[in-house]
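Chain residues, written in single-letter form:
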Amino acid sequence: MKYFTRLRVRRVYKWRGAPLSFNRKLKTCEYGSLDISVEGLPRITVIKTGEHILIEGDDEDNPYVAKVIRLFGDENGKQKKAVVQWFVRVSEVPLSKLKLLGREPHPQEIFYYQGRSCDDEVDAESILRTVEVKHLDGAAPFPDSDDRGTLYVKLSWDSKTFKAVESEPAPASSCSPPPCPKPSLPPSPPCSPPAAAPASRGPARRALPTPDLAVMRRAATGEVRYCRATMSAGNAATAEAESMHSVTKRSASKCLSAKRRGISARTPGIRKKLELSSPEKKSMISEDLMSQLLDEELKSEVMLAQRLSLSPPQAVPLKHSLTPLRKNHRAPTAQGSFPLKPSAVVLNKMSLSEMNGSPSSARLDSTRATTPSQKWEPKTLKEPALGMLAEADNETSPMLPVIATPRSSKRKSAQLVSSRIRKQLNLLENQQDLNSDGEEEDEFVLSKKELQSSSDDDDEEEEAGLDSDEEVVVKKGRNAAAATSKQRTRSLTRTPRKTPKKKITPGTPRTPCRATPSIPSRSRPARLPANVLEEARTRLHVSSVPESLPCREQEFQDIYSFVESKIVDGTGGCMYISGVPGTGKTATVHEVMRCLQHAADVDEIPPFHFIEINGMKMTDPHQAYVQVLQKLTGQKSTADHAAALLEKRFSNPAPRKETTVLLVDELDLLWTRKQNVMYNLFDWPTRRHARLVVLTIANTMDLPERIMINRVASRLGLTRMSFQPYSFKQLQQIIMSRLNKVKAFEEDALQLVSRKVAALSGDARRCLDICRRATEICEHSSADSHSTGLVGMSHVMEALNEMFSSAYITAIKCASVQEQLFLRAVIAEFRRLGLEEATFQQVFVQHQALCRVEGLQPASVSEGLAVCQRLGACRLLLLEPSRLGVLQRVRLNVSQDDVLYALKAD
Amino acid sequence: MSKRKSKDAHLPVGECITQLQEILRKRLCHQQLPDRPEGVEAQHKHLLELLKRTAVHGESNSVLIVGPRGAGKTMLLKCVLRDLLEETEAQTNLLQVHLNGLLQTNDRIALQEITRQLHLENVVGDKVFGSFAENLAFLLEALKKGDRSSSRPVLFVLDEFDLFAHHKNQTLLYNLLDVSQSAQAPIAVVGTTCRLDVLELLEKRVKSRFSHRQIHLLNNPTFTQYLERVQTQLSLSDDFPDNKFSRDWNASIETLCEDKSVAEVLQRHFNSSKDFRSMHMLLMLCLSRVSAAKPAIRPADLLEASKMCFADAKANMLHGLSILELCLIIAMKHLNDVYEGEPFNLQMVHNEFKKFLQRKSNSMYNFEQPVIMKAFEHLQQLEMIRPVDSSVVKTQREYRLMRLMLDHSQVMEALQKYPQCPTDVKQWAMSAFG
């Protein structure tokens, strides 16, 4: 029997060749390359270290991009791991941070990831295929090629800022053919473990004028990984062992804590120490230096000089950001050094020539591209020679990876050349090495085509959208047109494009989400408080953010430790927070988030993503999906589509996802009949790969029991917290802390307010409002007669009366004679009937009798009805709809005693 | 009509009357705000201070103006706004949004109206009026962007505030009040309503965000104040072109107010309602009777106008019925007496009517069944009677249960005044035994 399923195709992963080395302590084997074959298809894709790959992520259309640094597995070959250097797609950068870019990102742009929150060790079986990545110069435009598979790197991203990546020529960005050691490098000893080393963590060698060759070599071959800063060149061997140990330990602990699979914990507690001991920045510097030294060793001082001269404005601080490229390019060189592999021989040859050519060809390219623009005038003397060399190389090796270096290809011709060379290269590769990457698309025929096409479509869509947006910016700049013209420009830009964009429909423009609505700013500045009372009033306004939240320390601590532990562990969870309005639930959670954000900023905890939705601030429960998605990724979509996307995002494994903290305020409004919104919100955190923490806030303590069906309530779990209404002491403390030594209230007055509010509701908002009103009353009274200027008991009493006294009795007292008579008639009729309800007709009879008693002219029915309606409008009476006329039923909305009291008083 | 050549210019009487009516109508129809609010000075000051703080200091506030219909809520608010806008600082800053619960019947419409009045739609072209959800998110984002010191304060006036509380989830109110309680764009929310229990309508979260400031407008004038008000409303000011005419007119108004019968009429109005609006209605009726031939309001005019005001609408309608229809009404009244207000149907009414005819033994009112049916249906159209349960249409028309929508007193009153009512019918109506 055959099943027709739409599941993704099974891939088979196998190590290629024998292990390069074996770590006895950790029982891991290092490998040079990995074969991926699709079940039922003969072809095989080879993943080698140094290549850029796509890794299965939560978004099938946009898999993660990374670069293989190291491949290893355990003894019996059951577990396959890869150490990677991540790249971030535009869509993965938080929308708010994307603004830092200062321009519209290219849809195919990726950023070199320098953050440390992502585990750089992934399951090798999540690798999809290789991908082409090109490094571009910061100023260079994105090439307008039709190749949707190619990605471009310009900047690095460390989860806080973008930094420029220096235009690093070819080897860093070499895509398909695996690079090999440079010719000038002596072959590394075969016994050395070829751990792909992004860098050695050696001491800062900026001061070293000439490189120590031995160290250099070792660094180049990737022996030294995660060396301590204290390591010296002399005892490299011991350091090597140590570092290997720590690396694997680190990975092991990560595995345990984050994924809970595979290797048992050896030293789980080491994580933090390691993080502390290996500051990324330091390593970056050393990497940078290392590569510089290497370059020197490779007799490419020219290149260095050029690079320095090329980027005069981006001086020393930008050095860090320049490193990743070199890191990338170092790793392949190191990896390429393992010899004696039959399959690698061809590659070796290939990349030998490539290594010759790549740096120079890039230069060639760049010189070609830039000479007309006269941009790179300050060139070193040696440069032309190198260019010549490069040209020579170019002639000898036609398969240069020029593809990866269109960084400065401002001209079409340069691009053309590069694409031509690429084609040639691909052709050659196909002939020479079937396993090479150029062919990879053909290999995964069934599954990949689908994937590819869909992702291509997506890319196109994105690109189209962004392109047009870019154009809009241009247009804006030119004629200062408002956003209204966007629509038009978009339609204009779309016409010349050849690629079919089926997903873009004119009906879904991005304008509303891109526009930044705001209330116009005031022409005159707001006046600042002038006296003590005004100052106090400003401080007492609910909106003013206090420095701390008094009386909620315990709750703060609980929520903080809950969220923090989830963030640190990279797990997910739910928490339910309840409490009556005005008890500081939302404020406390916000405070927690502020603190955590601060902690993340100073790198005490891994960075996380905080988003907030409010049930009251959406029109429909299903809008929750839309809002969450929009805040996560900036995408706009319909509720159903958003739900599907989020589902995918939270259920697929994504090794370098940041923890998301989601605050759902006013949870009860997300209730639907089938409760699927709530169900999803609580189900996602339980997924293994979600890394989602959901904090929910609602008013009622028993909400889970009352409105949730079992499966929802069960997922919510039992992590609950309830905010008790404030006691009078707490309220007093809150006011005191808000006033913060501004002496505006008498002690007794404060106590009265807090006692009164605590007795009624314990709502801090109410308390603050009363105090504010009291300051106003005080201000008025002090204007009349001289007083202490402090808010006293009498002022507070007046404010309390204003806010809490009911107006019914006054309203009855102020009513006209007929209205009062009617109320009396209603009570008389109620007494007669013994019911609390009567028809107008019945009451009217009583009313007329009362009129005669009072010596008034009896009212007509119309007049009586008018009186009745007036009382009904004030809600002293409750009436049926007036079209019932005399038949409408009448009820009192006040107690009879109140009515009688009010009528008796005058 | 710029006849202000000299103070003592004598205009023709017709001219004067026209001008007089123009001035007084303007006054009575609320087209002019009083120079200063009467009787509500404290409330005026409170509200003015509050709004000033929003406009000048950027402090967010919310307040409700509560009072019965005709108490002057909108007048107070308009006065405050007028006084507020006299200050240039407030004038240049304040943005106003006026909403009415009777116009903006749901949040979607209200949001569109807010966006329109804030001129935010220019920002994004017509796209802002996309979906409701988009619109809400858009507006909230706009308000969130601002902060206390930099953005212009927005004044939201919500007329018929209680109707907004009936919107789904009270989304609009929650969001407005939430903005007013958080550090976003400074806004002042002013609601006017006549419902005293308006706070009970608010959902607890919404209620907590409301500042609980209520300004109660319960005007309680005494009768002398009421009389004075009548006089001032009718008096002409000094800048009337024809001095002599205005002197005469003012003198006549003074004598009118001193008249006993006039005082009685006004007392009755005062007893019925202290609302100045009903008084203005009465004075309007008087004013329209003033003509060149009769250049003053006489007590008789006031009496007649009062009669018109107190006229019973249903009883007036009875005057226009045919004898047959009147007979049916009387039959229904008897049925009501006999069965103590139980509902009846056409057949019962017809039987009752037949009994009357048999007693009288004259065939003057002997009508066919279809004719009676038609008359019955006419009564239903006039809403003299209404079906007990309108949804049940299954029963035959003759047997549908009906109720009489008239009081006995109305029927009797109508019979007294009915032109040429046959005595036997009158007697039948008066008789206790149907």
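One can find the structure itself at the top, above this paragraph.
All of the points below concern the structure found in this document.

Here is what the cut-offs are and how they apply
- Residues numbered from 1 in each chain as written.
- Chains lettered and ligands numbered in written order.
- Predicted model: local features only at pLDDT ≥ 70, side-chain atom pairs only at ≥ 80, totals over all residues.
- Heavy atoms only, no water.
- Helix = DSSP H or I, 4+ residues; strand = E, 2+ residues; numbered from the N terminus.
- Buried < 20%, exposed > 50% of the residue type's maximum accessible area, 1.4 Å probe, protein only.
- Contact = heavy atoms within 4.5 Å.
- Phe/Tyr/Trp six-rings, centres within 6.5 Å; stacked < 30°, edge-to-face > 60°.
- Core = buried A, V, L, I, M, F, W, Y, C linked by side-chain atoms within 4.5 Å.
- Pairing = 2+ DSSP bridges.
- Axes fitted to C-alpha atoms, helices over the stretch in contact; angles between N-to-C directions.
- Buried area = accessible area lost by both parts, 1.4 Å probe.
- Salt bridge = Lys/Arg side-chain N within 4 Å of Asp/Glu carboxyl O.
- Disulfide = S-S within 2.5 Å.
- 1 Å grid on protein atoms, 1.4 Å probe; cavity = no way out; pocket = protein on both sides within 12 Å on 5 of 7 lines; lining within 4 Å.
- Points joined across faces, edges and corners; volume = space filled by probe spheres on them.
- Nonpolar A, V, L, I, M, F, W, Y, C, P; charged D, E, K, R; others polar.
- Domains from an automatic or database assignment.

**Overview of the side chain of A:Gln627**
Residues and elements named next belong to chain A.
Then, number 1: With respect to the helices and strands, the residue Gln 627 is situated in helix α19 (residues 623-633).
Then, number 2: Relative accessible area serves as the criterion here: at 15%, Gln 627 is assigned to the buried category.
Then, number 3: In this view, Gln 627 contacts Ile 613, Lys 617 and Met 618; residues no more than four positions away in its chain are not counted.

**Focus on the packing of aromatic side chains**
Then, number 1: One pass over the full model with this rule turns up 14 aromatic pairs over all chains.
Then, number 2: On the numbers, 5.9 Å between centres and 25° between planes, the contact of A:Phe556 with A:Tyr560 is stacked. Of this pair, A:Phe556 and A:Tyr560 both sit in helix α17 (residues 553-569), four residues apart, roughly one helical turn. Each member of the pair A:Phe556 and A:Tyr560 is classed as buried.
Then, number 3: An angle of 25° between the planes, with centres 5.4 Å apart, marks the rings of A:Phe840 and A:Phe844 as stacked. Taken together, the residues span about one helical turn, with A:Phe840 and A:Phe844 both in helix α30 (residues 840-854) at a distance of four residues. Across the pair, exposure class does not vary: A:Phe840 and A:Phe844 are buried alike.
Then, number 4: Ring-pair connections join several aromatic residues into one group, and the members of that group are B:Phe223, B:Tyr226, B:Phe270 and B:Phe276.

**Some details on the nonpolar core**
Then, number 1: Among the nonpolar cores identified, the biggest contains 75 residues, and A:Phe822, A:Leu877 and B:Leu118 are the most heavily contacted of them.
Then, number 2: Sorting elements by how many residues they give to this core places helix α29 (residues 817-833) of chain A first, with seven residues.
Then, number 3: In contact with B:Leu118, other than residues within four places in its own chain, are A:Ile519, B:Leu95, B:Val97, B:Leu139 and B:Val154.
Then, number 4: In terms of nonpolar packing, the next biggest core, distinct from the first, is built from 36 residues, B:Cys327, B:Phe356, B:Met373 and B:Leu404 among them.

**Here's the deal with the sheet that holds strand β2 (residues 95-100) of chain B**
Residue and element names in this part refer to chain B.
Then, number 1: Taken in spatial order, the five strands make up an open sheet running β2-β3-β4-β1-β5, and their pairing is parallel. In this open sheet, the two edge strands, each paired with only one partner strand, are β2 and β5 (214-216). Adjacent strand axes in the sheet meet at a mean angle of 15° when their direction is disregarded.
Then, number 2: Here strand β1 (residues 61-66) runs beside strand β4 (residues 187-193); their pairing, made up of six bridges, is parallel. Counterpart to Leu 64 in the pairing with β4 is Gly 191.
Then, number 3: Strands β1, β2, β3 (154-159) and β4 of the sheet are contacted by helix α9 (residues 171-180), whose axis makes an angle of about 135° with β4.

**Some remarks on the sheet that holds strand β16 (residues 608-614) of chain A**
Residues and elements named next belong to chain A.
Then, number 1: Strand order in the open sheet formed by five strands is β16-β17-β18-β15-β19, and the pairing between neighbours is parallel. Either end of the sheet is taken by a strand with one partner, and the two such strands are β16 and β19 (720-723). Direction aside, neighbouring strands of the sheet carry axes that sit 15° apart on average.
Then, number 2: Against the sheet, helix α21 (residues 676-683) makes contact with β15 (573-579), β17 (659-665) and β18 (692-698), and its axis sits at roughly 135° relative to β18, the strand it touches most.

**Regarding the interface of chain B and chain A**
A common way to report how large an interface is uses the accessible area buried once the components associate.
Then, number 1: Listed per partner, the contact involves 92 residues of chain B and 82 residues of chain A.
Then, number 2: A per-residue breakdown of the area chain B buries against chain A is headed by B:Leu196, B:Arg205 and B:Asn271, which together make up 9% of the total.
Then, number 3: Between chain B and chain A we count nine salt bridges in total.
Then, number 4: Here B:Asp178 ties to A:Lys617 by a salt bridge, and the two come within 2.9 Å at their closest N and O atoms.

**A few points about the environment of A:Arg103**
Then, number 1: Note that A:Arg103 resides in the loop between α1 (95-98) and β9 (109-113).
Then, number 2: Aside from chain neighbours lying at most four places away, what touches A:Arg103 is A:Glu109, A:Phe142, A:Lys154 and A:Leu155.

**Overview of the state of the cysteines**
Here a disulfide denotes a covalent bond joining the sulfur atom of one cysteine to the sulfur atom of another.
Residues and elements named next belong to chain B.
Then, number 1: Inspection of every chain in the model, using the stated rule, returns zero disulfides over all chains.
Then, number 2: The cysteine Cys 309 is free of any disulfide, with Cys 286 supplying the nearest cysteine sulfur at 8.2 Å.
Then, number 3: For Cys 309, a relative accessible area of 30% corresponds to the partly exposed category.

**A short note on the layout of surface pockets**
Residues and elements named next belong to chain B.
Then, number 1: Counted as a void, the second largest pocket has a volume near 1400 Å³.
Then, number 2: Lining the second largest pocket are 40 residues, and of these His 30, Pro 34, Met 75, Arg 229 and Phe 276 lie nearest its centre.
Then, number 3: Contributing elements (two or more residues each) for the lining of the second largest pocket: α3 (73-85), β4, α12 (223-234) and α15 (276-287).
Then, number 4: At five residues, α12 tops the list of elements feeding residues into the lining of the second largest pocket.
Then, number 5: Grouping the amino acids of the lining of the second largest pocket by side-chain chemistry returns 10 nonpolar, 17 polar and 13 charged.
Then, number 6: Residues lining the lining of the second largest pocket come from more than one domain, with at least three contributed by each of domain 1 (40-216) and domain 2 (221-310).

**Some words on the pattern of salt bridges**
A side chain with one charge may pair with a side chain of the opposite charge, provided their charged atoms come close.
Residues and elements named next belong to chain A.
Then, number 1: Here the structure, examined in full by the defined rule, presents 45 salt bridges over all chains.
Then, number 2: Between Arg 715 and Asp 683 there is a salt bridge, with the nearest N and O atoms lying 2.8 Å from each other. Here Arg 715, found in helix α23 (residues 710-716), pairs with Asp 683, found in helix α21; they are 32 residues apart in sequence, far enough to count as distant.
Then, number 3: A salt bridge links Glu 829 to Arg 832, with the nearest nitrogen and oxygen atoms 2.7 Å apart.

**So, the environment of B:Gly58**
Then, number 1: Relative to the helices and strands, B:Gly58 resides in the loop between α2 (41-57) and β1.
Then, number 2: Classification of B:Gly58 by relative accessible area gives buried; the value is 3%.
Then, number 3: Each C-alpha atom of the pair B:Gly58 and B:Asp147 lies 8.7 Å from the other, and the pair is 89 residues apart in sequence.
Then, number 4: Discounting chain neighbours no more than four positions away, the residues touching B:Gly58 are A:Arg522, B:Arg53, B:Arg148 and B:Pro186.

**Re the pairing of strand β22 (residues 889-892) of chain A**
All names here are of chain A.
Then, number 1: In β22, alternate side chains face the same way, and those of Val 890 and Leu 892 are buried while those of Arg 889 and Arg 891 on the opposite face are not.
Then, number 2: Both strand β20 (residues 838-839) and β22 contribute to a ladder of two bridges, which runs antiparallel. From the neighbouring strand, Ala 838 faces β22, where its bridge partner is Val 890.
Then, number 3: Across three bridges, the pairing between strand β21 (residues 877-879) and β22 is antiparallel. In the sheet register, Leu 878 faces β22, and the bridge partner there is Arg 891.

In short, geometric facts, not functional conclusions.
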